[in-house]
Every structure is written in structure tokens, then in C-alpha cells.
Amino acid sequence: MVVLGLGGAVAATRLLRPIYRAQANVWVDVPDRRGDPHADTRGPIRQGALLDADAWVELLRSYVVMDQVVRDLRLYLDVKRLGDRPSFAGFSVSDDFRPGEYRLNISDNGRQYTLTSAAGLTLERGTVGDSVGSRFGFRWVPAPGTLPAGRSVEFSVMPPRDAATRLGEQLQVQMDMNGNFLALELRGTSPVLISKILNAVTQRYVEVAAQLKREKLTELTKILEDQLTTAKRNLDEAEDAQRRFRTRTITLPSDQQRPGAAAETRDPIRVSFFDMAVERDQLRRDGEALERLLTQAGGLQTDALSAIGSVQRAPELSNALKELSDKQAQARTYRYHYSEAYPPLQHLAAEITELQERTIPTLARALASQLADRESELARQVNTASNDLRQIPGRAIEEVRLNRNAELKEQTYTQLQQRYDQARLSAEATVPDVRILDPAVVPQRPVKNTAPRLLLMGLVAGLGLGVLGAIVLDRADPRVRYPEQVSRDLGVPILGAVPHLRAKEPVEVIEALRGLRLNVLHEYGAETPVVVTVTSPGPGDGKSFLSANLALAFADGGHRTLLVDGDIRRGTLHRRFKANRRPGLVDYLRGEAGIGRELIVQETPYPQLAFIGCGTRTQRAPEVLGSPAMTQLLAELREQYDVIVVDSPPLTAGVDPFILGTATGSLLLVLRTGHSHRDVTGAKLEVLDRLPIRLLGAVLNDVPRHAAYGYYAYYSYYLPGYEAVDEGVGRTSGPRVV
């Protein structure tokens, strides 16, 4: 599980590549209005009036910026394998192309190609070197040598607008509180590509901002030119009226200046009277012009409103008209590049409507009211003048009025001419409001490298799953694994533990058998001889191995020992001692003629150890083993031997082991670690509880070295120098295992 976990983590690291972060900083020239509230009134176009602070972010994510970057860097193209990218060096698309997923298959000879869809539908066939996918809007002629023979190239093409939308969503933009500093960030798996994209975005952003400002200044110049034309026409009309008046009155006698007239005109009282009379008449005409513009149908004409002298001298209304001109120029510039759904354009249109329909008309009505009040006050002052002042000819007053009107028109024209010249100069030498402070550089270290985390998670997950699986398998394993499962769960005492046999003369196994011999003698008691049946829950538990070697251990201990192969179904003990299977136990119990007890008892190469084979195979094994002849045979053998060990079939092989156990009166159970079935053993032990059989205990066989079973052996592991050997005799002369 650990290996699988690490393998899965390694595979995941190839799919989840490290994430890099590219950063760039852009400066936006937006003035701090908190420091200078009148800063936006200077110059032909107010500083920072191109866009609001929030609109700069919208401009950065707009399609006019993103679309060009997507097309220049071909971000609409996705090549599945990195090694196939050189084949798309000259790839581009027309305005009308077919997006989707494609596969280009090269023939084995490298001369033909087949363009198919992702579903396998053939779309185009051709010769390598020709244009590929021209029917679908592709402009692609792969370079020679970039398409190897038999290669399959997978790629997908999406609409540039979708790629621009995705790029705008991936781009993170943050603006400071003053609106002067834009921090751009882009993350991706390719450090070179994301830095290249970010630099392309900032460069395009600066170009678009400069272009918008130039176009806005151009539109403002056109608006000022219209206003200048209106002011020039008004000035010409005023000068024409002045010339007509002089032409009409130049030959009249009253035109001759009488003595003292110069003194009268230089009198401060007379000068003040003339000024009040002229200003009263001018205020009346300006008020009438305002009322006509406010009451005419079709809305307020701002160009005509700007030509009124009183409007030029009203700061609030004049600034409102300037702001309206700037916003109208900006709106025209936006409409060259964006649709009406563009949020900044919608916001700007709402501001223009607010100025045209509410702000400027309200200020104009307030100015008209002020002009009426001022006119009434001047009329009252003129009416209260002295009789001498009333004798001033009306022609003189009219002349002063015309001169004053011409002067005001000239001042308005001069101011508009200055603004027009400044706007033209600014349009020809535009300084961009946006500058790149810090371009993006290729990042060297990833900000999110999931490889170590994935490897650690794979290791921990594999280890955890392995431990959990081991616990689950251990709990669900029905086989004997631990001593507690025998002594506590089955309730059978453990008499010994035989380790795994790894050599022909293992000291550990011999010592374990000696310890088992001692425990069996102690458990059996003082009664002699020792007659015991050895069995196991199932085949392969090692009961025959243990029966033979336990009998050999008793014989080595000086006990007259008899080993009986009671497994008459498939007994093989005769092979261990190179003895005869027939005549044997079955032949004797069946009472075949001429076969006596002396014929079935065989000598072995080991002193003090005799052997009886199983005999002829028979289907009547239970009847034969349970016959009186078996009881009589055991009774006769008890008188000749100190220990009788009977090897029986497994408990799951039938009633044979129960019959033999009843005949001998005692039973020794062999359990093999990792092999014997606990549930089967428990079921058979319940059967033994109902029979007159004494269960001496259990022997744990094939115990792994250094396992917990070692605590149940007198000789838990091999100690060099403590071998039980005869002095002066080789180690091979000692006890052996059969």
C-alpha cells in the first residue's frame, strides 16, 4: 500500500504541476482630489478625467485589451503534448473559423495527413507540407520535419473571445486607495508563458490608454471648434451692430462734441451711470437668451449656452459646461471601441444625461434668476439718478452698450481660442496617463508546489491504508495468528511452540521438541504409560511431522516409544522412517490370517523407537478403528512401551480422530500459525467436550522466529556456544529431525 500510495502521488505530481506567480506594477496618473479640489479645472483636458479610478480596472479586463493579447500569443490554441508545440509555430486563425478539438494523424511514410475531429470523424486529407485546415479557418502550414511519420497530434481551438474572458478571470488586479497604483498578478504552470502574457497585457493596456486619451483630446478639439465657431459668429454680429450704429449716427448734428463734453464723459458719476445702463441692457439680453434656451423644445443647447457672456462669468455653470464637453468627448471615444453594454460607457452616459437634464438646466435657471434680480437693481439705480444724468443722449448710451457687448464677445472668443489651441497641442503631443513601473519577470520559484505535499500525502495515505488494511485483514483473518487466540479465545493451554524449520538439523526445533516432551509428561501426570493421539483441525497443519519428531524426542529421552500411524486414510509416516506400510494397523485389526502383533511392529534406525504402519487402505476405517481389536491391541502395547504416540487424521476428515482419541483417552492438538482455521477448531473442540477425551493442550507449529510464540518455548532463539553437542564429536551426531 505504501508503494501504491507513492506511485499514485508520483502520477499526481505529473498532472498537478507547480504553480508560478508573475507580477507587474502599473502607474495610473490620477490626481489626488483631496489635496487640490480645483486640480481638475486646469488645462484643456482635466488631469485624471479620462477614466475614474474603478474604470481603470474595467479597462484592463476589457476585450479591446484582452482580445489583442489572445491573438498575438495564440492563447486560443491548446496543444495536448508539450513536444508537439513546435509544429504550431506559424498557426493562426481567420476571423471566421471553426472551434473544437482536432487530431492530426500522419501516415507511416510521413507524406500524408488526416485531420479528424475528437470523435474520429475525418474532416480533411492532404499532403504534408500543404496548408492544414484552411476549410475550417486555420492558417497553418507546419514546418518541414516537425511532423514525424506515424505521429498523432491532438489540439483544440476555442473562440478568442472565450479565451479573453478566461484570461480576464485569471488575471488578478488590485488598485490602491488613491487609484494611482495597479498591481497585476497572473498564476500558471509555465513561468515563461505567464510572464510573457502579463507583459503583453500591460503593454497593450498602455497603448489602449494612450489611444483613448488621443481620441478624447481629438473629440474635445472638435467640440471646442464648434463652440469657437459660435463665439466667432456672435463676435462678428456684435462688431457689425457696432459698425451699423456708427454709420447711422456719424452725420447727425448731435454727434459734434460740445464744449465740456469730454469733461462730462470723464466724470466718475457719468461713467458709473453709463456702466450701469450698459450692464442693465446686457443683463436683460443675457436673461432673455437664457429664457429662450430653457423654454425651447428639443432640450437645452449647450453650445449656444456657452456663448452667453453671463454664462462664461458664472463659475459653477461654466465648469459644468466644461465637464459636459469632456464627458461627451470621452463617450465618443468609447463608442469607437466598445458597445453600449460596456459598464464604464453606461456609467458615463448616465453622467452626461444627469448634466444635460438636471445639473446644467438647474444652474441656468438659477443664473437667469440672478440676472433678473441684478437687472432690477441696476434699473432702480439708474431711475434714481439725477436729472442731469437723465439728459445724456440715448445715442451715447447705445454706443457704450454696443462697445461693451463687442468687448464681451471678444473676451469669450479669446478664451475659447486659447482652449482650442491648447487642446490641439495636447492632442499632437499626448503624454499617456498609464506607465509600466515594474514589468513581469520570469519567476524562478513556484508559489504552490504540490509535489512534496502529494508525495507526503501518498506516503501517509499508503501507510495509513496499509495499517488499516492490515488491521482489517487481521481481524477478519480466521486463521490462527496469535497465542491469545488459542489460550483465550479457544480456551486451550499451549504446551509448546515449534519454530519454522529452516535447516536439516535446527537446534531451535530440537530444543522446542524437548520442551514439548517435558510439558506433555507433566500434563499427562504420573500415570504410565503415556498414550496420546496427535491430531489437527485440517490437513497441512504438520501433525504427522510433530507426531514423528515428538516420538523421536521421547526415544532420545530413554523412553521406550511406539509411533502408530493411525491415519489409515492417507498415512505417510512409513516414508519418514523408510519402513513398510503393510502389513500394518488395518491388516491386524481386520484379523487377516497369519498377521500377528509381532509382524506389524517394525524397528526403526533410532534406538528405543518402534513403528506401526497404517496398513491397507479401506473404506471401513471408522469401524476398524472402533473395533474391540483396537482396544485389545492398545492394552497389550501399554505393557511393552513407556510412550505410545498415535498419529490420527485431521479433525475435519471424519470421525477417525475422535475414535482414536477415545481409544487412547488423551489428545494433543497441533495448530499451525497462519494456516489453522480458528472457527473450525472451535467447532471441533465442542465435539471433543462431549466425548471422554482428555485434551492435554495445543502445540503451535511453524512459528516465525522471534514471534510472540517464542515466549512459550524454553529455547526461544539460537544462542551461539550453547548447543547441546557431545564433546569431541561433531555436531551431526546429536538428535535429528525426521
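Please read all numbers here as calculations on a predicted model, not as lab measurements.

### Quick word on the overall build of the protein
Per the secondary structure count, the protein includes 24 helices and 19 strands. Counting all 738 residues of the protein, 45% fall into the buried class. Of the roughly 38,600 Å² that the protein leaves accessible, carbon and sulfur atoms contribute 51%.

### Concerning the pairing of strand β6 (residues 122-127)
Along a regular strand, successive side chains alternate from one face of the sheet to the other. As paired strands, strand β5 (residues 112-117) and β6 are joined by five bridges and run antiparallel to one another. Along β6, the bridge assignment pairs T116 with T122. The hairpin formed by β5 and β6 contains four residues between the paired strands, and G120 there has a positive phi angle of roughly 95 degrees.

### With respect to helix α17 (residues 543-556)
Along its 14 residues, α17 runs 20 Å from first to last C-alpha, staying within 8% of the 20 Å computed at 1.5 Å per residue. Of all 14 residues that make up α17, 13 are buried, and the element is covered over most of its length. Positive backbone phi, approximately 90 degrees, marks G558, located one or two places after α17.

### Some details on the side chain of T533
Among the structural elements, T533 can be located in strand β13 (residues 530-535). Of note is the side chain of T533, whose polar atom sits 3.2 Å from the backbone oxygen of L660. Here T664 takes part through its side chain, which lies 2.6 Å from a polar atom of the side chain of T533. T533 has contacts with V646, S648, L660, G661, T664, S666, L667 and L668, leaving out every residue within four places of it along the chain.

### With respect to the packing of helix α1 (residues 2-15) against helix α14 (residues 450-476)
The interhelical angle for the contact between α1 and α14, taken along N-to-C directions, is 155 degrees, at an axis separation of 7 Å. It follows from the interaxial angle that α1 and α14 lie roughly antiparallel. In this structure, the crossing between α1 and α14 has a hand that is right-handed. Across the interface between the two elements, V2, G5, L6, A9, V10, A12 and T13 of α1 pack against A451, L454, L455, G458, L459, G462 and L463 of α14. Among the residues making up the contact of α1 with α14, the classes are represented as ten nonpolar, four polar and no charged.

### Comments concerning a nonpolar patch on the surface
Nonpolar side chains collect at one region of the surface, where L6, V10, L455, L456, L459 and V460 lie side by side and expose about 470 Å² of accessible area between them. Relative to the helices and strands, L456 is located in helix α14. Here L456 falls in the exposed class, since its relative accessible area comes to 52%.

### Side note on the sheet that holds β6
One open sheet accounts for five strands, arranged β2-β8-β4-β5-β6; its pairing is antiparallel. Of all strands in the sheet, those bounded by a partner on one side alone are β2 (77-79) and β6. For this sheet, the mean angle separating the axes of adjacent strands, direction not counted, is 20 degrees.

### Remarks on the packing of aromatic side chains
This model, assessed by the stated rule, comprises 14 aromatic pairs. Between the aromatic rings of F91 and W140, the centroid separation amounts to 5.6 Å while the plane-to-plane angle is 70 degrees, which identifies the pairing as edge-to-face. Linking F91 in the loop between β2 and β3 (92-93) with W140 in the loop between β7 (138-139) and β8 (152-157), this pair joins segments that are 49 residues apart in sequence. Each member of the pair F91 and W140 is classed as buried. Here a set of aromatic residues connected by ring pairs shows up, and it is made of F88, F91, Y102, F136, F138, W140 and F155. Between the NZ or CZ atom of R161 and the centre of the ring of Y63, over which it lies, the distance is 3.8 Å. Its guanidinium or amino end placed over the ring of Y524, R694 lies 5.8 Å from that ring's centre, counting from NZ or CZ.

### What about the sheet that holds strand β1 (residues 20-28)?
In space, the four strands of this open sheet follow the order β9-β10-β1-β11, with antiparallel pairing throughout. Strand pairing shows two members of the sheet lacking a second neighbour, β9 (172-175) and β11 (434-438), which therefore form its edges. Averaged over all adjacent pairs, the angle separating strand axes in this sheet is 25 degrees, with direction ignored. The pairing of β9 with strand β10 (residues 181-188) spans four bridges and is antiparallel. When the bridges of β10 are listed, V173 appears paired with L184. Strand contacts of helix α5 (residues 191-249): β1, β10 and β11, with the helix running at about 15 degrees to β1, the strand carrying the most contacts.

### Quick word on the environment of D587
Topologically, D587 is positioned in helix α19 (residues 585-589). Overall, D587 belongs to the buried group, its relative accessible area being 3%. Ignoring any residue separated from it by four or fewer positions in sequence, one finds D587 in contact with R582, E592, I595, G615 and T616. There is a polar contact of 2.9 Å between the side chain of D587 and the backbone nitrogen of G584.

### Observations regarding the pattern of salt bridges
Applying the stated criterion across every chain yields a total of 22 salt bridges. With a shortest N-O distance of 3.0 Å, E154 and R103 are connected by a salt bridge. Taken together, the residues span a long stretch of sequence, with E154 in strand β8 and R103 in strand β4 (residues 100-106) at a distance of 51 residues. Taking relative accessible area as the criterion, E154 reaches 28% and is therefore assigned partly exposed.

### Here's the deal with the packing of helix α3 (residues 63-73) against α5
Where α3 contacts α5, the two axes come as close as 9 Å, and the packing angle between them is 135 degrees. Compared by their axis directions, α3 and α5 come out oblique. When the axes of α3 and α5 are compared, the crossing they make is right-handed. Listed contacts from α5 to V64, V65, M66, Q68, V69 and L73 of α3 are K196, I197, A200, V201, R204, Y205 and V208.

### Focus: the side chain of T673
Inspection of the secondary structure puts T673 in the loop between β18 (666-672) and α24 (678-689). Looking at T673, the relative accessible area reads 12%, which means it is buried. A distance of 2.7 Å separates a polar side-chain atom of T673 from the backbone oxygen of D702.

### Some details on unusual backbone geometry
Cis geometry marks the peptide bond from T528 to P529; its omega dihedral reads -5 degrees. Its place among the elements puts P529 in the loop between α16 (507-524) and β13. With an omega of -10 degrees, the peptide bond between R582 and P583 qualifies as cis. Topologically, P583 is positioned in the loop between α18 (573-576) and α19.

### Some words on α14
An α-helical segment advances 3.6 residues per turn. Residues three or four places apart therefore align on the same side. Taking 1.5 Å as the rise per residue, α14 with 27 residues should run 39 Å; its terminal C-alpha atoms sit 37 Å apart, in good agreement. On its buried face, α14 is in contact with α1.

### A word on the environment of Q346
As for its placement among the helices and strands, Q346 is situated in helix α11 (residues 343-383). For the pair Q346 and A331, spaced 15 residues apart in sequence, the C-alpha separation works out to 9.2 Å. If sequence neighbours within four positions are ignored, Q346 has contacts with E340 and A341.

### Let's talk about the confidence of the model for the protein
Overall, the predicted model of the protein reaches an average pLDDT of 81, with 85% of residues at or above 70. Taken together, the stretch residues 33-49 has pLDDT below 50 and engages in 24 contacts with residues farther than four places along the chain or on a different chain. Low pLDDT, under 50, characterises residues 254-266; the stretch is placed with ten contacts to residues that sit more than four places away or in other chains.

Calculation rules
Residues numbered from 1 in each chain as written. Predicted model: local features only at pLDDT ≥ 70, side-chain atom pairs only at ≥ 80, totals over all residues. Heavy atoms only, no water. Helix = DSSP H or I, 4+ residues; strand = E, 2+ residues; numbered from the N terminus. Buried < 20%, exposed > 50% of the residue type's maximum accessible area, 1.4 Å probe, protein only. Areas by Shrake-Rupley, 256 points an atom, 1.4 Å probe, with all protein chains shown as cover. Pairing = 2+ DSSP bridges. Expected span 1.5 Å × (residues − 1). Polar contact = N/O pair within 3.5 Å; in protein donor to acceptor, adjacent residues only side chain to side chain. Contact = heavy atoms within 4.5 Å. Axes fitted to C-alpha atoms, helices over the stretch in contact; angles between N-to-C directions. Parallel < 35°, antiparallel > 145°, perpendicular 65-115°, else oblique. Left-handed = near helix turned anticlockwise from the far one by under 90°. Nonpolar A, V, L, I, M, F, W, Y, C, P; charged D, E, K, R; others polar. Patch = residues over 30% accessible without salt bridge, like charges linked within 9 Å, V, L, I, M, F, W, Y side chains within 5 Å. Salt bridge = Lys/Arg side-chain N within 4 Å of Asp/Glu carboxyl O. Phe/Tyr/Trp six-rings, centres within 6.5 Å; stacked < 30°, edge-to-face > 60°. Lys NZ or Arg CZ within 6 Å of the ring centre and 35° of its normal. pLDDT = per-residue confidence, 0-100.

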